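Residues per chain are reported as follows:
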Amino acid sequence: MLDEENINDLGMEDPDNEVIDSEPESEGDEDVKLAEPSKTAVNNRDGLLDKLGDISWPENVGWIHKLSVDIDREQEVDVNDDLTRELAFYTQALEGTRQAFLEFQSMGIPFLRPSDYYAEMVKSDAHMEKVKGRLLAEKRKIEESEERRKARENKKIAKEVQAQKLKERAKQKKEEIESVKKWRKNRQHSGFAGGDKDGDLDFAFEDGKAFERSNKKQPGVAPGDRSGGKAGKGGGRRGMKGPDKNRKNREFRNSKFGYGGRKGLNKQNTSETTSDVRGFNGNFSGRKRKR
């Protein structure tokens, strides 16, 4: 609250005293010119005090109407030290809040927001829906950009792997060609310069041994038989070819089904068999008539 001493501190003096204007020293290069007071201004000290009394709180007013808390600082704070100054502000505000809570509790006045209290939002639901849609759109753009970046990286890695495989294949092909050329040179030095069909390959395989063609002939194996004589050892119809196979098939079918033709008249009498009485000569030796 402003009182008479505060008014004197603000620079308002009695009308009898002369007002001495002093310009403060400026730290800058240019001097700051203060506005000169109007010549028609009147320093009505009594009127100012009367107005201050009208707008000030009465002495017997309750604390609930002012809601002001005064905190006394025990030690001075260096205003140039930012950390200490901010810590002093925080400590002062926290202590004032605690005192205000105690005042409210002692007066029995609720001061905390109830659990079922819903305040009206400053912005409408439509506006918040637009804000939400914009945030989701930005998030979607970021995800799509990340996916495109990963796709580019994967494509780059795939190209590198493919190029590496092509290099390996080209290297392997070159080595095989060099091996063939080396084999041809060795073959020519050995005296087989007439052609490549009669020479023996001496390529080194995985086990380190060269390929060798065997000149031994197996008994009972045809020169063109690549099965090593196993094709003719299957037995039955499987190991035969050509006429032998057809003959065996024919014999098997004849033994099972006969020779074909009509079989119902094999034992029927004819005129010749009826007239032939050579079997009735009294000799019943049991021999059958030959046909």
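Here goes a summary of the coordinates provided. (Residues numbered from 1 in each chain as written. Predicted model: local features only at pLDDT ≥ 70, side-chain atom pairs only at ≥ 80, totals over all residues. Heavy atoms only, no water.)

## A closer look at the overall build of the protein chain
Next up, step 1: What the protein chain contains, in helices and strands, is 7 helices and 0 strands.
Next up, step 2: Ordered by position in the sequence, the α and β elements of the protein chain form the string α-α-α-α-α-α-α.
Next up, step 3: Nonlocal contacts in the protein chain, meaning residues at least 24 apart in sequence, comprise 39% of its contacts between residues at least 6 apart.
Next up, step 4: Carbon and sulfur atoms make up 50% of the accessible area of the protein chain, which totals about 29100 Å². (Helix = DSSP H or I, 4+ residues; strand = E, 2+ residues; numbered from the N terminus. Contact = heavy atoms within 4.5 Å. Areas by Shrake-Rupley, 256 points an atom, 1.4 Å probe, with all protein chains shown as cover.)

## So, the packing of aromatic side chains
Next up, step 1: Under the definition given, this model contains 3 aromatic pairs.
Next up, step 2: Between Trp-63 and Phe-104 the ring centres are 5.4 Å apart and the planes differ by 65°, which places this aromatic pair in the edge-to-face class. You can see Trp-63 sitting in helix H3 (residues 63-66) and its partner Phe-104 sitting in helix H4 (residues 82-107), a full 41 residues away along the chain. Considered together, Trp-63 and Phe-104 belong to a single accessibility category, that of buried residues.
Next up, step 3: Ring centres of Phe-101 and Phe-111 lie 4.7 Å apart, and the angle between their planes is 35°; on these two criteria the pair is classed as tilted. Taken together, the residues Phe-101 in helix H4 and Phe-111 in the loop between H4 and helix H5 (125-189) connect sequence positions 10 residues apart.
Next up, step 4: Look at Phe-111 and you get partly exposed, because its relative accessible area is 27%. (Phe/Tyr/Trp six-rings, centres within 6.5 Å; stacked < 30°, edge-to-face > 60°. Buried < 20%, exposed > 50% of the residue type's maximum accessible area, 1.4 Å probe, protein only.)

## Thoughts on unusual backbone geometry
Next up, step 1: Of note in the backbone geometry, Leu-67 takes a positive phi value of approximately 55° without being a glycine.
Next up, step 2: Looking at the secondary structure, you find Leu-67 in the loop between H3 and H4.
Next up, step 3: Overall, the relative accessible area of 47% leaves Leu-67 in the partly exposed class.

## A few points about a nonpolar patch on the surface
Next up, step 1: On the surface, a cluster of nonpolar side chains totalling about 350 Å² of accessible area is made up of Met-121, Met-128, Val-131 and Leu-135.
Next up, step 2: Looking at the element boundaries, Leu-135 is found in helix H5. (Patch = residues over 30% accessible without salt bridge, like charges linked within 9 Å, V, L, I, M, F, W, Y side chains within 5 Å. Salt bridge = Lys/Arg side-chain N within 4 Å of Asp/Glu carboxyl O.)

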